[in-house]
Each structure stands twice: as structure tokens, then as C-alpha cells.
Amino acid sequence: KFIQDHSRSQPLTKFQRITIELLKGPMYLGDDSHSQKTVWFTKFTLKRENLEGATHAWVGLQVKGSPRKDPIISFNQREVGRAVTNTGRWETFSYEFSPNILRVGDNLIDLETFIPEMWQSYDDCEVKNVRLTLN
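Computed from a predicted model, the values in this text were never measured in an experiment.

Engineer: Honestly, the nonpolar core in this entry has me stumped. Any pointers?
Structural biologist: One recurring pattern in soluble globular proteins is that nonpolar side chains are buried together. Formed by 29 residues in total, the largest nonpolar core has its most connected members in I73, F75, F97, L102, V127 and V130. Elements that contribute at least two residues to this core include exactly β1 (18–23), β2 (27–30), β3 (39–46), β4 (57–65), β5 (70–75), β7 (91–97), β8 (105–114) and β9 (124–134). Among the elements that make up this core, the one with the highest residue count is β9 (five residues). For L102, the contacting residues outside a window of four places in its chain are F44, L46, L51, F75, N76, F97, N107, L132 and L134.

Engineer: Would you explain unusual backbone geometry in this entry?
Structural biologist: Note: most peptide bonds trans; most residues except glycine with negative phi. Of note, the amide linkage connecting G25 to P26 takes the cis form, showing an omega dihedral of 0 degrees. For P26, the position within the fold is in the loop between β1 and β2. Look at Q77: it is not a glycine, yet its phi comes out positive at around 65 degrees. Relative to the elements of secondary structure, Q77 occurs in the loop between β5 and β6 (78–82). For N129, which is not a glycine, the phi torsion comes out positive at approximately 55 degrees. Its location among the elements puts N129 in strand β9.

The rules behind these values
Residues numbered from 1 in each chain as written. Predicted model: local features only at pLDDT ≥ 70, side-chain atom pairs only at ≥ 80, totals over all residues. Heavy atoms only, no water. Core = buried A, V, L, I, M, F, W, Y, C linked by side-chain atoms within 4.5 Å. Buried < 20%, exposed > 50% of the residue type's maximum accessible area, 1.4 Å probe, protein only. Helix = DSSP H or I, 4+ residues; strand = E, 2+ residues; numbered from the N terminus. Contact = heavy atoms within 4.5 Å.

Such coordinate-based values are descriptive only and should not be taken to indicate function.
This is how it looks when you write it as C-alpha cells:
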């Protein structure tokens with residue numbers, strides 16, 4: 001027989017999921033012209049309450065590049081994923097990583113373009129909708 005316990009008047013508190021938009025975009029990364037950036041980075045700040053109780057972190061983004069282009073995604077100089085494109089159209093990527101690489105105060109995210117196939121002479125892609133989610 002199942003007995004329900006109604007003695008708790010308040011539900012147990014859980015860590016709330018938060019999502020931070022780091023880049024709306026689109027932003028171009030590439031080396032097909034002299035003045036282009038191949039690395040994009042920005043600082044963002046997290047508060048103690050953003051990190052306390054967080055057990056999972058995800059970064060999500062959309063990337064468009066000629067096939068086999070990818071930006072390497074890093075937080076605080078620790079790689080969390082490589083968004084390898086296959087179609088030349090906008091593709092969505094999501095990578096889970098440990099929130100332990102994030103810290104209270106200033107954090108750094110960087111995207112660096114990379115040439116997966118060495119025969120290619122240039123590397124370019126567009127990136128948009130970069131979001132960090134903590135849960």
C-alpha cells in the first residue's frame with residue numbers, strides 16, 4: 001500500500017536553471033582576409049548564487065561554415081567542445097561540461113576557428129546564439 005506524506009507544507013528547494021546569453025550574433029570568424037578575427041572572446045561575471053548548487057553546465061550555439069569548419073569552445077582556457085559543421089547551413093550544437101571550471105566573478109569564453117582538414121587554405125564560419133545554461 002502506498003502512503004503519501006503530506007507533512008511537508010513547502011516543496012524542497014532546487015537549484016534554479018539559469019541561462020545567460022553570451023553572444024546573440026551572428027558574428028564572423030575567419031582568416032580569408034587580412035583584418036579578420038580568428039578568435040572571439042568575452043568576459044562575463046557569475047555570482048555565487050549562480051554557481052552554488054549547480055551540478056551541470058551546458059553551452060549551446062549555432063554555427064554556419066563551409067563544411068568541416070569548426071570553432072573550438074573554451075571556458076577559462078579549458079576546451080569544452082568543437083562545433084564541426086557538415087552542411088554549410090546553420091547547425092545547432094550543445095556541449096555539457098562540469099560547472100567546476102567556472103568561478104565566482106569574472107569568467108572568459110573564447111571561440112577559436114580551426115581548420116580540421118589541412119588541405120584547406122582558409123578558415124571561416126559564422127556563430128550566433130551562444131548561451132550558457134547552469135542547472
